[in-house]
Structures are given as structure tokens and as C-alpha cells.
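# Structural features, examined
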Amino acid sequence: MANAASGMAVHDDCKLKFMELKAKRNYRFIIFKIDNQQVVVEKLGSPGDSYDDFTTSLPADECRYAVYDFDFITHENCQKSKIFFIAWSPDPSKVRSKMVYASSKDRFKRELDGIQFELQATDPSEMSLDIIKERAF
């Protein structure tokens with residue numbers, strides 16, 4: 001299922017693993033990469049993984065897409081969860097890679113039904129846990 005605009009296909013496993021994260025809470029996070037003109041799953045984070053485990057799993061010099069399931073307690077003392085889509089495009093990554101990820105992002109994100117928030121980050125400070133918390137509340 002290639003996208004005419006970017007020529008990018010989305011592997012079925014991406015949607016399947018996302019549905020498992022959303023419905024069954026099997027994963028804390030999923031990291032996706034573009035490989036041979038197709039978005040594929042690169043890494044799955046176990047439910048017990050922390051936000052630090054997630055951020056250290058992102059390469060310092062390569063673009064990625066990621067989904068993070070953020071659990072928190074509201075001011076009313078209710079357990080909640082929000083699913084974040086993160087477009088990771090670090091400054092040191094190659095310009096061509098940044099362009100491919102940017103042009104394919106919206107098409108890929110539409111494949112993942114249930115994203116509640118989106119972040120775009122070029123360095124770790126732009127996706128700190130404080131920013132995630134601030135967006136979720």
C-alpha cells in the first residue's frame with residue numbers, strides 16, 4: 001500500500017503492533033523506521049519500560065517515528081493513558097532522511113488510528129518527560 005506522494009509503504013506489522021499497544025497494552029512504546037521504501041517496526045518496549053528506556057532507544061543521528069503510551073494519574077486521582085506519536089528528526093541526521101520522514105509522516109500517522117498527541121523533536125529536550133506530561137494534562 002504505497003503512498004503516491006512519498007512512495008512509502010507501511011508494513012502490516014506496524015498497524016498490528018500499534019493495535020496491540022492500544023488495546024492490549026502489550027508494549028510501552030514502538031519505534032518505527034523506514035527501510036527499503038517501507039515503514040517497519042524496529043523496536044518494541046515492554047510494558048514495564050520507562051520513558052528513559054524509550055528515549056535512549058532512539059538513535060542520536062537517524063530519523064525515526066515512535067509511539068509512546070504514557071500512563072499518568074490525573075489531578076482527580078484517576079488512572080489515564082495517552083498515546084503520543086513522535087516524529088524524531090535529530091539535527092545530525094542526513095537531510096535526505098529528514099525529507100523522506102517528513103514527507104511520509106502524515107500518511108503513516110493516518111494508518112495508526114488512536115493517536116492522541118503528536119510531537120516533533122530534533123533533540124531530546126523537545127520531547128522531555130515534562131513536555132509529555134504538560135501535553136497529557
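Residues numbered from 1 in each chain as written. Predicted model: local features only at pLDDT ≥ 70, side-chain atom pairs only at ≥ 80, totals over all residues. Heavy atoms only, no water.

The protein carries the name Actin-depolymerizing factor 7 in an unreviewed UniProt entry, which gives Citrus sinensis as its organism.

Another aspect to go through is the sheet that holds strand S5 (residues 79–88). Pairing within the open sheet is mixed, and its six strands lie in the order S1-S3-S2-S4-S5-S6. Single-partner strands in this sheet number two, and they are strand S1 (9–10) and strand S6 (117–121). Bridging between strand S4 (residues 64–73) and S5 involves 10 bridges; their strand directions are antiparallel. Among the inter-strand pairings, Asp-71 is bridged to a residue of S5, identified as Ser-81. (Pairing = 2+ DSSP bridges. Helix = DSSP H or I, 4+ residues; strand = E, 2+ residues; numbered from the N terminus.)

With that out of the way, let us pick up the pattern of salt bridges. Applying the stated criterion across every chain yields a total of 11 salt bridges. Taking the shortest distance from any N to any O, the salt bridge between Arg-25 and Asp-71 comes out at 2.4 Å. Of this pair, Arg-25 sits in the loop between helix H1 (12–24) and strand S2 (29–35) while Asp-71 sits in strand S4; the two residues are 46 residues apart in sequence, bridging distant segments of the chain. Two residues, Asp-71 and Arg-28, come together in a salt bridge whose shortest N-O distance is 3.0 Å. (Salt bridge = Lys/Arg side-chain N within 4 Å of Asp/Glu carboxyl O.)

By the bridge criterion, two bridges tie S1 to strand S3 (residues 38–45) in an arrangement that is parallel. Note on S3: the bridge partner recorded for Val-10 is Val-39. Pairing between S2 and S3: seven bridges, direction antiparallel. By the bridge assignment, Asp-35 is partnered in S3 with Gln-38. The hairpin formed by S2 and S3 contains two residues between the paired strands, and Asn-36 there has a positive phi angle of roughly 50 degrees.

Soluble globular proteins tend to pack their nonpolar side chains together in the buried interior. Phe-32, Val-39, Tyr-65, Val-67 and Phe-108 are the most contacted members of the largest nonpolar core, which totals 20 residues. For this core, the secondary structure elements donating two or more residues are H1, S2, S4, S5 and helix H3 (95–111). Other than its neighbours up to four places away in sequence, Val-39 contacts Met-8, Ala-9, Val-10, His-11, Cys-14, Phe-32, Lys-33, Ile-34, Tyr-65 and Phe-108. Ranked by size, the runner-up nonpolar core spans 18 residues in total, among them Phe-54, Phe-70, Phe-72 and Met-127. (Core = buried A, V, L, I, M, F, W, Y, C linked by side-chain atoms within 4.5 Å. Buried < 20%, exposed > 50% of the residue type's maximum accessible area, 1.4 Å probe, protein only. Contact = heavy atoms within 4.5 Å.)

On to the pairing of S2. Burial of S2 is extensive: five of the seven residues sit out of reach of the surface. In the sheet, S2 pairs with S4 via four bridges, with the strands oriented antiparallel. By the bridge assignment, Phe-32 is partnered in S4 with Tyr-65.

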